[in-house]
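Spelled out, the chains give:
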Amino acid sequence: MSIIKFEVDDILTLKKKHPCGSFAFKVARCGSDVRIVCVGCGRDLTMPRITLEKAIRAVNEQKV
């Protein structure tokens, strides 16, 4: 399994949707634990990077 590259402010599309109905999450912090914020309702989650990488369907990079 390779490491998925994503940075702060990238939008991740996950395989399962959040209870609010959104599949999109914005990366707030990277490291061994990653903090993501739901785009639909604003709820933030912190999870281990390995768990998150298994749940990612697509990475949409934000251009600054």
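Participant: What is the right way to read the overall build of the chain from this model?
Facilitator: Across its full length, the chain carries one helix and five strands. Reading the chain from its N end, one meets helices and strands in the order β-β-β-β-α-β. The C-alpha atoms of the chain give a radius of gyration of 11 Å, which matches the 11 Å a tight globule of 64 residues would have. If one aligns the C-alpha atoms of the chain with their principal axes, the spans along those axes are about 30 × 25 × 20 Å. Out of the 64 residues belonging to the chain, those deemed buried represent 25%. On the chain, roughly 4,500 Å² of surface is accessible, and the fraction owed to carbon and sulfur atoms is 52%. For the chain, the distance from the average site of its 12 positive side-chain charges to the average site of its 7 negative ones is 8 Å.

Participant: Looking at this structure, I do not really get the packing of aromatic side chains. What am I missing?
Facilitator: A ring pair, where both rings are aromatic, is described by two values, the distance of the centres and the angle of the planes. For the coordinates displayed, the defined rule picks out zero aromatic pairs. Across the ring face of F6, the terminal group of R49 is positioned such that the distance to the ring centre comes to 4.5 Å.

Rules of the game
For every chain, the first residue of the written sequence is number 1, and numbering continues from 1 onward in sequence order. In keeping with the predicted nature of the model, local features appear solely for residues at pLDDT of at least 70, side-chain atom pairs appear and are counted solely at 80 or more, and the whole-chain, interface and lining totals rest on all residues. As a convention, hydrogens and water are excluded, and side-chain values are obtained from all of the structure's heavy atoms. Helix numbering and strand numbering both begin at the N terminus, where a helix is a DSSP run of H or I of at least 4 residues and a strand a DSSP run of E of at least 2. Radius of gyration here uses only the C-alpha atoms, and the compact-globule reference equals 2.2 Å multiplied by the residue count raised to the power 0.38. Summary of the burial criterion: residues with accessible area below 20% of their type's maximum are buried, those above 50% are exposed, and those between are partly exposed, where the area comes from a 1.4 Å probe applied to protein chains only. Computed by Shrake-Rupley with a 1.4 Å probe, the accessible areas treat only the displayed protein chains as cover when residues are assessed. Neither His nor the chain ends is counted toward charge; the positive residues are Lys and Arg and the negative residues Asp and Glu. The location of each charge is read from NZ of Lys, CZ of Arg, CG of Asp or CD of Glu. Centre distance within 6.5 Å is the pairing criterion for rings of Phe, Tyr and Trp, where only the six-membered ring of Trp is used; planes under 30 degrees apart are then read as stacked, over 60 as edge-to-face, and the remainder as tilted. In our convention, an over-ring charge means Lys NZ or Arg CZ found within 6 Å of a ring centre and within 35 degrees of that ring's normal.

That's the geometry; what it means functionally is another story.
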